[in-house]
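Here is what each chain is made of, one letter per residue.
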Amino acid sequence: MGFVVGAGLRKRFVSRERVGFLRSRVRVVEALAGVDVEIGRGRLLSLVGPNGAGKTTLVRIFATLLLPDGGRAWVGGFDVVAEADRVRKITGLMLYPDRGFFGRLSGVENLVYYGMLYGMGRRDARRRALELLELVGLYEARDRPFEEYSSGMRARLGLAKALMHNPEFLLLDEPTVGIDPVGARRVREIIRELKREGRTILFTSHNLYEVEELSDEVALIVGGRVVARGPLGELKRRLGFEPVAVVKAVCGGEERLLSRGGGGGALAELIREAHDGGCTVLEAYVREPPLEEVVVRALGGA
Ligand SMILES: Nc1ncnc2c1ncn2[C@@H]1O[C@H](COP(=O)(O)OP(=O)(O)O)[C@@H](O)[C@H]1O
Ligand SMILES: [Mg+2]
């Protein structure tokens with residue numbers, strides 16, 4: 001069984017919606033309509049899906065911020081409802097946008113405050129905060145007030161905050177949204193480092209290139225349902241995408257690009273055919289279909 005498990009999770013929101021001046025009607029949103037997820041220890045699962053799909057709702061249930069209406073979920077064997085305090089001890093959360101920082105306090109002060117909320121002594125909290133500021137590349141900026149931080153710096157401070165109590169499990173909800181490319185790359189590097197440390201991660205992002213780069217597994221979620229999930233390669237195959245063999249060759253002074261579905265076998269075939277046809281092979285490789293193509297088709301966009 002996975003380190004993190006969700007089984008049949010359901011969540012429904014009921015809200016009032018104005019229709020005209022005086023009338024309002026009840027709007028019911030099935031945010032999660034029976035979601036199963038599982039993450040092995042030390043692995044990274046990405047949730048991918050359109051806005052409103054239910055990703056943040058799922059994250060909030062695992063963070064014990066929201067009670068499910070049905071189904072159950074466990075982190076490290078602890079039930080997120082019945083043993084919420086045990087779950088919180090081993091779970092770090094980064095939500096976007098993070099409204100939990102004080103603008104006038106410095107980066108280090110914010111982290112110390114947060115660590116003390118988690119029951120750390122001031123000195124321990126400070127030591128841990130400085131260590132994490134180093135890890136996320138904010139050590140130099142540690143004494144500057146949070147309100148002066150750029151959005152990339154804020155995101156990195158959010159990561160440091162999520163790590164203050166050294167959690168084994170991390171919930172990272174759109175940690176790179178609204179950050180410039182350099183900042184986003186730094187966040188990805190930190191996430192990779194956290195993976196190397198063996199932490200288990202649930203990640204969401206609309207940037208499918210970074211999902212591809214970081215994920216062990218992906219779950220596609222639409223309208224509160226997981227429509228496909230699995231390791232990246234498997235997921236692509238299941239949705240009908242196979243790797244494509246590509247050979248670039250020169251034939252009779254003319255450059256040609258030959259391609260065929262089917263991976264390694266197809267590549268050998270193409271190379272042989274090129275040779276037999278008196279061509280010189282310049283380049284030969286197998287190209288995985290980009291996740292973006294797969295997701296767009298799975299979501300009915302193409
Ligand atoms: N507190 C809430 N009250 C009412 N509706 C909500 C609430 N939180 C989320 N929803 C609705 O639930 C659905 C899923 O939202 P969310 O989990 O935030 O999606 P995602 O993170 O995938 O964009 C959306 O339709 C959203 O409007
Ligand atoms: Mg969201």
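Everything that follows concerns the structure shown earlier in this document.
Residues numbered from 1 in each chain as written. Chains lettered and ligands numbered in written order. Predicted model: local features only at pLDDT ≥ 70, side-chain atom pairs only at ≥ 80, totals over all residues.

## What about the overall build of the protein?
Scanning the protein from N- to C-terminus turns up ten helices and 13 strands. Across its three principal axes, the protein shows a C-alpha extent of roughly 75 × 55 × 45 Å. Residues counted as buried form 37% of the 302 residues belonging to the protein. The contacts in the protein between residues at least 6 apart in sequence include a share of 64% that link residues at least 24 apart. (Helix = DSSP H or I, 4+ residues; strand = E, 2+ residues; numbered from the N terminus. Buried ≥ 20, exposed ≤ 12 C-beta atoms within 10 Å, placed from the backbone. Contact = placed C-beta atoms within 7 Å.)

## Remarks on the environment of I271
Mapped onto the fold, I271 is located in helix α9 (residues 263–276). Judged by the 17 C-beta atoms lying within 10 Å of it, I271 is partly exposed. Distance in space between the C-alpha atoms of I271 and L214 is 32 Å, their sequence separation being 57 residues. Dropping the residues within four chain positions of it, I271 is found in contact with V247, V281 and A284.

## Quick notes on the pairing of strand β4 (residues 70–75)
Pairing geometry for strand β1 (residues 4–18) and β4, over five bridges, is antiparallel. Note that in β4 the partner of V5 across the bridge is W74. Here β4 pairs with strand β5 (residues 78–79) via two bridges, running antiparallel. Looking at β5, one finds that V75 is bridged to F78. Between β4 and the antiparallel strand that follows it, β5, lie two residues; G76 among them carries a positive phi value of about 55°. (Pairing = 2+ DSSP bridges.)

## Structural notes on the site of ligand 1
Surveying the vicinity of ligand 1 reveals the residues F13, S15, V29, A31, G49, N51, G52, A53, G54, K55, T56 and T57. Of all the secondary structure elements, the ones that give two or more residues to the shell around ligand 1 are β1, β2 (24–39) and α1 (55–62). Residue composition of the shell around ligand 1, by class: four nonpolar, seven polar and one charged. (Near = placed C-beta within 6 Å. Nonpolar A, V, L, I, M, F, W, Y, C, P; charged D, E, K, R; others polar.)

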